[in-house]
Structures are given as structure tokens and as C-alpha cells.
Amino acid sequence: MSIEQELTQAYKQSATRIKRPEELDARIEQLYRKQSLQKQTKLHAVKKSWTLRIIVAGLLLTSMGFSTPYIFHFKDEIIDYMLHNGQLGTYDAMLAQQMRESLEEVKQTLPTDAKAIFYSQKLKSLLPKTDAIPFAIVTNPYVWKVEKDWEMQLTEANPDLQLPDSLTETLTFVGGQKEQPFGGSLTAADMESLHELEKRVKKEKPEETWLPLPRPVVESVDHPVYTTTYENESTDIIHITMEVFTDKSNVQLRSNLKAQEQIVIGQQYATYALAEPFLYSDTDQYQSVFWMDSLADETILYTIGSPDLDITKSELTSIAEQFIH
């Protein structure tokens, strides 16, 4: 679920406050261009992060406004985070599996730490309804396979990102990556590539196509993301994602939720969510528990999630308890 999905990554670029449209329509492209221009001309006046985050199950068009009501809203001095429940048409599980195979083929062609924009006409029925062309972000992040090496990466990046020692009592480390467990993000610098893809689609009308995204000259650290993957005793996969926000950020996500519940862990308010259908999971679902930790100069979004059918809300909550003191 990504709800997080997928839940946003990019929040990597800085820009001025985006004025929300009343609805998602053909003006999306114009809004992209306007935002990029604002970033270039006002970057030094107001530093405000934004993101276009694509997280499976169709978390589309973040930092844009939605006509659907929100189901979760969190706001502190740094982040304004809103989760909306999207609507799908007819979801075809076999078609979704075909799309996952296509996305995997693209991933296999990418060098390590590269990403691409993938378009397919078939994605339209698998993602929340929008007038934008249906696309997904494909990433091929470097994966740390040695637990101590990954822990060192976290320690060097931010002392607040330590994993509880108690996790390894019931879970086995699988890997760590500086990326969401599913999907990826578009930065402001990627908008030109998105526009190029859109022009190609309109002109050539391909059934499927994709574009590699250029690597940034200077790697952005405005919104770092760290995902640690574990297995439980039943070999179910569990992703623990920590997203760090240091600049003011407006994050709006959209996913297809079958169930959601506000819960309390210790004295911390959290949200449980079940996204179904969920495009990027072979089980067509993703469930997670997520919450915000507001610190003095940063806000951390924690997400404990799994695509496996046998994982329970209780197990995810139990893992979250080890982070909340």
C-alpha cells in the first residue's frame, strides 16, 4: 500500500505552493509546466517540496487536488499529508499480471539506480480514473544484502532511522534499498520526460512504450526514503519504509482502499489500510500500518506493509509497536 502508497517520493524537489484545481482534467499538463516555472523563478524565496508519486494500485498525481473526499489527513509544521480513496473501473487480475510482467521486463533493462516512465493503454483500467495518460514509474534500485552494511547506511544517513534490535528476534533480513518497495517518484526535473512521453503517445499511439529518465547531475536529498525488507517464519514479506521530510511538503495520495481504520499504538495515532486491488502485488493487495513522527526539524513517515495474504493487521501492528516508545 504504498499508501503511504507506494503510501510519496519525490518530495525531492522544491517549489512554491501549488494551487489545487477543482478537479483532475486536461489542465494537468499545464499545471506541470506552471509548477516547473515556479520552481525555477521562486526557489530561493520559498522552499516547498512537492511530489508526483506513482505507487501501485494507482497512487496518481500527488500534490494535485482531488475531487474525492480524503480519508486520512495529517498536518504538522513540515508536512501536510492527505490520503484519498480512488475509484477503479473493472479490474482484470490477468491483465494486471501481464502489466507486472511488462514492468519487470523494463526493470531488467535498466542499470542499477536508474528509473523509467512506462506507458500502456491497458494501464488505464488498472489505475484510478484520470484524464492523464496512464503510466507507471519503474525503478531498479541498488539493494544492500548484508544487514550490517544496510544498518551502517541508515546510521550515516540519519541517527533517527535506527531499526529496533528486537525485529530480528522474529524476522529475517532480506535487503535494504533507498526507494519505495513499489513504484517510484517523479521529480520536477522529470516533467520534461513525462511531457515527451505524452507527445509520443499522442503522435504514435503505441500500445506500450517507455522512456528512461535522465540521472540528476546532483542527487537530491530533500526527501530520502529507506525501505528495509524482512521475512517472517512463514516467509511472508514485510516492508518497513521510512520517509524523511525536512522541507515543507504538501503530499496527496490516491489509492483504492477496501478497508481502513484509525488505531492507537501506545500513545501514537496510526492508520491501518488494505489496498485491494493493488497493481504491483502478485496477490493484488497490499496492507499496511503507517504513522507520522514529528521531530524538532523533521517529520518521518513510517510504513509497515506487506503484500502477502497471510499477514494480519495484528502482526503489522506488533512490528509497529517496536518503533513507538
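A brief report on the enclosed structure follows.

About the thresholds
Residues numbered from 1 in each chain as written. Predicted model: local features only at pLDDT ≥ 70, side-chain atom pairs only at ≥ 80, totals over all residues. Heavy atoms only, no water. Buried < 20%, exposed > 50% of the residue type's maximum accessible area, 1.4 Å probe, protein only. Helix = DSSP H or I, 4+ residues; strand = E, 2+ residues; numbered from the N terminus. Pairing = 2+ DSSP bridges. Axes fitted to C-alpha atoms, helices over the stretch in contact; angles between N-to-C directions. Contact = heavy atoms within 4.5 Å. Expected span 1.5 Å × (residues − 1). Polar contact = N/O pair within 3.5 Å; in protein donor to acceptor, adjacent residues only side chain to side chain. Salt bridge = Lys/Arg side-chain N within 4 Å of Asp/Glu carboxyl O.

### As for the pairing of strand E13 (residues 248-255)
Counting buried positions over the eight residues of E13 gives seven, a clear majority of the element. Bridge analysis of strand E5 (residues 79-85) against E13 gives seven bridges, and the strand direction is parallel. Counterpart to Ile79 in the pairing with E13 is Ser249.

### Comments concerning the sheet that holds strand E6 (residues 114-120)
On the basis of which strands lie adjacent, the open sheet formed by three strands has the order E7-E6-E10 and antiparallel pairing. For this open sheet the edge positions go to strand E7 (135-140) and strand E10 (208-212), each flanked by a neighbour on one side alone. Taking the axes of each pair of neighbouring strands and ignoring which way they run, one obtains an average angle of 25° across the sheet. Pairing geometry for E6 and E7, over six bridges, is antiparallel. When the sheet's bridge partners are listed, Ala116 is paired in E7 with Val138. Running at roughly 155° to E10, helix H4 (residues 191-204) makes contact with E6, E7 and E10 of the sheet.

### Here we look at helix H2 (residues 93-109)
Helix length check: H2, at 17 residues, gives a terminal C-alpha distance of 25 Å against a target of 24 Å (1.5 Å per residue), a fit within 8%. On its buried side, H2 packs onto E6, E7 and E10. Its side-chain oxygen at 2.9 Å from the backbone nitrogen of Met94, Asp92 defines the N-terminal cap of H2.

### Comments concerning the pattern of salt bridges
Side chains that differ in charge, positive against negative, can pair when their charged atoms come close. Evaluated as defined, the whole model comprises six salt bridges. The salt bridge involving Arg100 is made with Asp282; its shortest N-O contact spans 3.1 Å. Of this pair, Arg100 sits in helix H2 while Asp282 sits in the loop between strand E15 (268-275) and strand E16 (286-294); the two residues are 182 residues apart in sequence, bridging distant segments of the chain. We classify Arg100 as buried; its relative accessible area is 10%. For Glu261, the salt bridge goes to Lys313, with nearest N and O atoms at 2.6 Å. Highlighted residues: Glu261 in strand E14 (residues 257-265) and Lys313 in helix H5 (residues 313-321), separated in sequence by 52 residues. Owing to a relative accessible area of 35%, Glu261 belongs among the partly exposed residues under this scheme. Accessibility expressed as a relative area gives 29% for Lys313, which makes it partly exposed. Three or more residues are tied together by salt bridges with common partners; here these are Arg100, Asp282 and Asp284.

### Observations concerning the sheet that holds E14
Taken together, seven strands build an open sheet; the order of strands is E8-E11-E12-E17-E16-E15-E14 and the sheet is antiparallel. Edge strands, defined here as strands with exactly one partner in the open sheet, are strand E8 (172-177) and E14. Ignoring strand direction, the axes of neighbouring strands in this sheet form an average angle of 20°. In the sheet, E14 pairs with E15 via eight bridges, with the strands oriented antiparallel. Bridge pairing in E15 places Val264 opposite Tyr269. With respect to the sheet, helix H3 (residues 147-157) is in contact with E8, strand E11 (225-231) and strand E12 (237-245), its orientation differing from that of E11 by roughly 155°. Docked against the sheet, H5 engages E12, E14, E15, E16 and strand E17 (299-306), running at close to 25° with respect to E16.

### Concerning the pairing of E12
With respect to burial, E12 is a largely interior element, eight of its nine residues being buried. Relative to E12, E11 is paired through seven bridges, and the arrangement is antiparallel. Looking at E12, one finds that Thr227 is bridged to Thr241. The hairpin formed by E11 and E12 contains five residues between the paired strands, and Thr235 there has a positive phi angle of roughly 65°. Note that E12 and E17 share seven bridges and pair antiparallel. Across the sheet, the residue bridging to Met242 is Tyr302, located in E17.

### Let's talk about H4
A turn of α-helix holds 3.6 residues, and therefore any two residues three or four places apart point the same way. The terminal C-alpha atoms of H4 lie 20 Å apart, and with 14 residues this matches the ideal 20 Å at 1.5 Å per residue to within 8%. Once H4 ends, the next one or two residues include Lys205, with phi positive near 50°.

### Here we look at the environment of Asp308
Note on placement: Asp308 falls in the loop between E17 and H5. When neighbours within four sequence positions are excluded, Asp308 is seen to be in contact with Asp236, Ile237, Gln285 and Gln287.

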